[in-house]
Amino acid sequence: MAAAGFRAFGAKGPAWLGRSAWAQLSAGFCSRGPAGAERPELPPRPTRARQQDGIRNIVLNDPKKRNALSLAMLKSLQSDLLHEAESKDLRVIIISAEGPVFSSGHDLKELTDERSPEYHAEVFQTCSEVMLLIQKLPVPVIAMVNGLATAAGCQLVASCDIAVASDKSSFATPGVNIGLFCSTPGVALGRAVPRKVALEMLFTGDPISAQEALLHGLLSKVVPEEQLEEETMRIAKKIASLSRPVVSLGKATFYKQLPQDLRTAYHLTSQTMVDNVALKDGQEGIKAFIQKRKPIWLQ
């Protein structure tokens, strides 16, 4: 999608989903009804998205339900993340939310015994796929948090590459208090903060402040609420101004080397540096530095 082709979505979903994709996403919400009867309108998508100048903004847009990560919300978020992810016009993604709650986590109404174990499995599997997708995407993903992020909502923040939050935000994994331990949120949380911090959050369910989250590594930056969008966009614009192939290669390698032992990590990253030097933008950047000029990225 060209940067000039700015797209905002209405209640029937973004143009980029196409009829078939949105129909699949909405299959459980409406029925055809009697022959000749008007088809009921599709419900509003639980996310909305737009893209301009290489920056895609995805907004969790169900504040009445505290932006719960229902199956529909997860699939909508997944679609917005995947849309033309390989396009050179996409440079960075921002995930934010409407209302005072970034996300309250899974929709508990979907987790009662009125639903089948197979449905429950689909909810958690889809959530895991979304969290993994964020790391596999070729562009950085930034969480812009203004408010409460709990359970799978906290997991979403922990899964993003960068997280900027307002000073009014807080974070918790409170599932243990209702008899549903936050095991899957603990995967992302335990990789973002020290083990003892993660386990205190998981065992007690008590929230931590934005400043505590910053101290322990869950967040990249905390700013006053009125500066949140400006600071997040500053970071996004800087990333969008850089070479996409270089950033993409760097992101993929960073996550690939993390679980490796030190020797293997250096072996992997040394080869990546060789590959980076061979990129057209790698050579352009080096020559621009030597010639004391600004690089002109080719991709």
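Residues numbered from 1 in each chain as written. Predicted model: local features only at pLDDT ≥ 70, side-chain atom pairs only at ≥ 80, totals over all residues. Heavy atoms only, no water.

A. Broad picture of the environment of Ser79. Topologically, Ser79 is positioned in helix H2 (residues 71–82). For Ser79, a relative accessible area of 22% puts it in the partly exposed group. The sequence separation of Ser79 and Val130 amounts to 51 residues, and the corresponding C-alpha distance is 9.6 Å. (Helix = DSSP H or I, 4+ residues; strand = E, 2+ residues; numbered from the N terminus. Buried < 20%, exposed > 50% of the residue type's maximum accessible area, 1.4 Å probe, protein only.)

B. Fine view of the sheet that holds strand S4 (residues 101–103). Spatially, 4 strands are ordered S4-S6-S8-S9 in an open sheet, and the strand pairing comes out mixed. Lying at the two open borders of the sheet, with one neighbouring strand each, are S4 and strand S9 (208–209). In this sheet, strand S8 (residues 170–172) lies alongside strand S6 (residues 148–150) in parallel orientation, the contact comprising 3 bridges. Opposite Ala149, over in S8, you have Phe171 as the bridge partner. Along the sheet, helix H4 (residues 152–159) contacts S4, S6 and S8; its crossing angle with S6, the most-contacted strand, is approximately 100°. (Pairing = 2+ DSSP bridges. Contact = heavy atoms within 4.5 Å. Axes fitted to C-alpha atoms, helices over the stretch in contact; angles between N-to-C directions.)

C. Spotlight on the environment of Pro138. Mapped onto the elements of the fold, Pro138 is located in the loop between helix H3 (117–136) and strand S5 (141–145). Remark: the alpha-carbon pair of Pro138 and Val92, spanning 46 residues in sequence, is separated by 8.9 Å. Apart from residues no more than four positions distant in its own chain, Pro138 is found in contact with Ala85, Glu86, Arg244 and Ser248.

D. Representation of the layout of surface pockets. Counted as a void, the second largest pocket has a volume near 800 Å³. Gln135, Ala158, Ser159, Arg191 and Tyr255 are the residues nearest the centre of the second largest pocket, which is lined by 30 residues in total. Counting only elements with at least two residues in the lining of the second largest pocket, the list comes to H3, H4, strand S7 (162–166), helix H5 (183–192) and helix H9 (244–257). Here the lining of the second largest pocket is built from residues that sort into 19 nonpolar, 8 polar and 3 charged. For the lining of the second largest pocket, the two domains that each supply at least three residues are domain 1 (15–31 + 41–240) and domain 2 (244–290). (1 Å grid on protein atoms, 1.4 Å probe; cavity = no way out; pocket = protein on both sides within 12 Å on 5 of 7 lines; lining within 4 Å. Points joined across faces, edges and corners; volume = space filled by probe spheres on them. Nonpolar A, V, L, I, M, F, W, Y, C, P; charged D, E, K, R; others polar. Domains from an automatic or database assignment.)

E. Region of the structure containing helix H11 (residues 280–290). Three or more residues of H11 are buried, namely Asp281, Gly282, Glu284 and Ala288. The buried residues of H11 occupy an angular sector of 165° when the element is viewed end-on, so they sit on one face. Buried-residue contacts for H11 involve H9 and helix H10 (262–278). Just downstream of H11, Lys292 is the residue with a positive phi angle, here 55°. (Arc of directions from axis to C-beta.)

F. Representation of the pairing of strand S2 (residues 55–60) in the model. Buried residues dominate S2, accounting for 6 of its 6 residues. Burial along S2 is two-sided: the face carrying Ile55, Asn57 and Val59 and the face carrying Arg56, Ile58 and Leu60 are both buried. In this structure, strand S1 (residues 47–52) lies alongside S2, joined through 6 bridges in antiparallel fashion. Pairing of Arg48 across the sheet is with Val59, part of S2.

G. A nonpolar patch on the surface, seen in detail. Among the surface-exposed residues, Val176, Phe181, Leu199 and Phe203 lie close enough to one another that they form a single nonpolar patch of about 340 Å² accessible area. Note on placement: Leu199 falls in helix H6 (residues 195–204). A residue is classified by how much of its surface remains accessible, and Leu199, at 32% relative accessible area, is partly exposed. (Patch = residues over 30% accessible without salt bridge, like charges linked within 9 Å, V, L, I, M, F, W, Y side chains within 5 Å. Areas by Shrake-Rupley, 256 points an atom, 1.4 Å probe, with all protein chains shown as cover. Salt bridge = Lys/Arg side-chain N within 4 Å of Asp/Glu carboxyl O.)

H. Local environment of the sheet that holds strand S10 (residues 221–223). One open sheet accounts for 6 strands, arranged S1-S2-S3-S5-S7-S10; its pairing is mixed. Each edge of the open sheet carries a strand with a single partner, namely S1 and S10. On average, each strand axis in the sheet is inclined to that of its neighbour by 20°, with strand direction left out of account. As paired elements, S2 and strand S3 (residues 92–97) share 6 bridges and run parallel to each other.

I. Seen up close, the pairing of S1. Burial of the side chains of S1 is restricted to one face: Thr47, Ala49 and Gln51 are buried, whereas none of Arg48, Arg50 and Gln52 on the reverse face is. Linkage of S1 to S2, two consecutive antiparallel strands, is achieved through a turn of 2 residues, within which Asp53 is found at a positive phi near 55°.

J. Region of interest: the nonpolar core. Grouped together as the largest cluster of nonpolar side chains are 48 residues, with contacts concentrated most on Leu81, Ile93, Ile95, Phe171 and Leu219. Apart from residues lying up to four places away in sequence, Ile93 is in contact with Arg56, Ile58, Leu81, Leu137, Val139, Pro140, Val141 and Ile142. (Core = buried A, V, L, I, M, F, W, Y, C linked by side-chain atoms within 4.5 Å.)

K. Structural detail: the pattern of salt bridges. Enumeration according to the criterion identifies 8 salt bridges in this entry. A salt bridge links Lys168 to Glu225; the nearest nitrogen and oxygen atoms lie 3.7 Å apart. Separated by 57 residues along the polypeptide, Lys168 in the loop between S7 and S8 and Glu225 in the loop between S10 and helix H8 (228–240) bring together distant segments of the chain. Lys168 sits in the partly exposed class, given a relative accessible area of 44%.

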